[in-house]
Amino acid sequence: MENVIEVRDVNKYFGEEHVLKSVSHTFEKGKIHGIVGNNGSGKTVLMKCICGFLKPDSGVIYVNHKQVGKETDFPEDIGIIIETPGFLPHLSGTQNLKILASLQKKANALTIRAVQEQVGLDPDMKKPVGKYSLGMRQRLGFAQALMEDPSLLILDEIGRGTSTYDGMAIARAVLEYAANPKRLGAKTLFATHYHELSTLEDKLPNVKNYNIAVKKRGEQMIFLRKIVPGATDDSYGIEVAKLAGIPAPVITRAREILTELESEGVVTAPAAQKEPED
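Cut-off values and rules
- Residues numbered from 1 in each chain as written.
- Predicted model: local features only at pLDDT ≥ 70, side-chain atom pairs only at ≥ 80, totals over all residues.
- Heavy atoms only, no water.
- 1 Å grid on protein atoms, 1.4 Å probe; cavity = no way out; pocket = protein on both sides within 12 Å on 5 of 7 lines; lining within 4 Å.
- Points joined across faces, edges and corners; volume = space filled by probe spheres on them.
- Helix = DSSP H or I, 4+ residues; strand = E, 2+ residues; numbered from the N terminus.
- Nonpolar A, V, L, I, M, F, W, Y, C, P; charged D, E, K, R; others polar.
- Buried < 20%, exposed > 50% of the residue type's maximum accessible area, 1.4 Å probe, protein only.

A. Here's a closer look at empty space enclosed by the protein. A complete count under the given rule lists two cavities of 30 Å³ or more for this structure. Quantified by volume, the largest cavity comes out at close to 60 Å³. Along the walls of the largest cavity sit Ile32, His33, Gly34, Val36, Leu175, Phe190, Thr192, Leu197, Ser198, Val207 and Asn209, which together make up its complete lining. Elements with a minimum of two residues in the lining of the largest cavity: strand S3 (32-36), strand S8 (187-192) and strand S9 (207-217). With four residues, S3 is the single largest residue contributor to the lining of the largest cavity.

Written as structure tokens, this is what we have:
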């Protein structure tokens, strides 16, 4: 099977923090690859390196057989959403998309109108993007990623900034749309902290799960900075909050509330964890 993305022994540091640790992985053509990991595990940094927005400190990355940073500064024919999409706040969604489309001249006015309707936005809306809700900006970002009919989609944290169920619904709908060959059928690299989405590997064709490895011993969590096959067993949100310095009484109460929500069936209890290798 042909590879569309190859990551070879990539390392990235921010000061003394080793964010990507000898990451090596290949992503096959014709599939949707989901990377699931907790906040701070390095998903966004990896995607920025793949897109050419960040330069690795060592290692190489190939996209469509071209080395990023050497044979191409930014990979061609890809649609990208990383973090919160940025647009000109004083212009409407349609005006923003027309400006972006003018750069490569691949999308015309009809296409710009159609992609907004596909993601649930009104192309005739005059409201400036600066007054959009975060969810509306997410939808506009997805329209921008789709409008030039890319062969590769790189999507980071779709649905972030909305309520949990809204965000998960948006993320799942995007995956289903991308996986449907009658709609888009694009090769897709998709990062999310919604570990519940890992069940889509069994429901959609050509979807494969990967996760950013974590080792947890008792209440201690260690980021291993490696991509490994399979789904993550938990989102580790409370553990990340603890690492961020949230006061101990708040962490303790959060664990109690999570246990209550799991017992009520509001959220799913995590599966038993398999210890990753160092």
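Next comes the rest of the write-up.
B. Highlighting the layout of surface pockets. There is about 620 Å³ of room inside the second largest pocket. Forming the walls of the second largest pocket are 26 residues, and the residues nearest its centre are Ile78, Ile80, Gln104, Gln144 and Glu148. Elements that contribute at least two residues to the lining of the second largest pocket include exactly strand S6 (78-81), helix H2 (93-104) and helix H4 (134-146). With four residues, S6 is the largest single contributor of residues to the lining of the second largest pocket. Split by residue class, the lining of the second largest pocket holds 15 nonpolar, six polar and five charged.

C. Seen up close, unusual backbone geometry. One non-glycine residue, His65, lies in positive phi territory at about 70 degrees. Checked against the element boundaries, His65 lands in the loop between strand S4 (58-63) and strand S5 (66-67). Residue classification places His65 among the partly exposed positions, given a relative accessible area of 46%. At Asp77, a residue that is not glycine, the phi angle is positive and equals roughly 60 degrees. Structurally, the position occupied by Asp77 is in the loop between S5 and S6. According to the relative accessible area criterion, Asp77 is partly exposed, its value standing at 31%.

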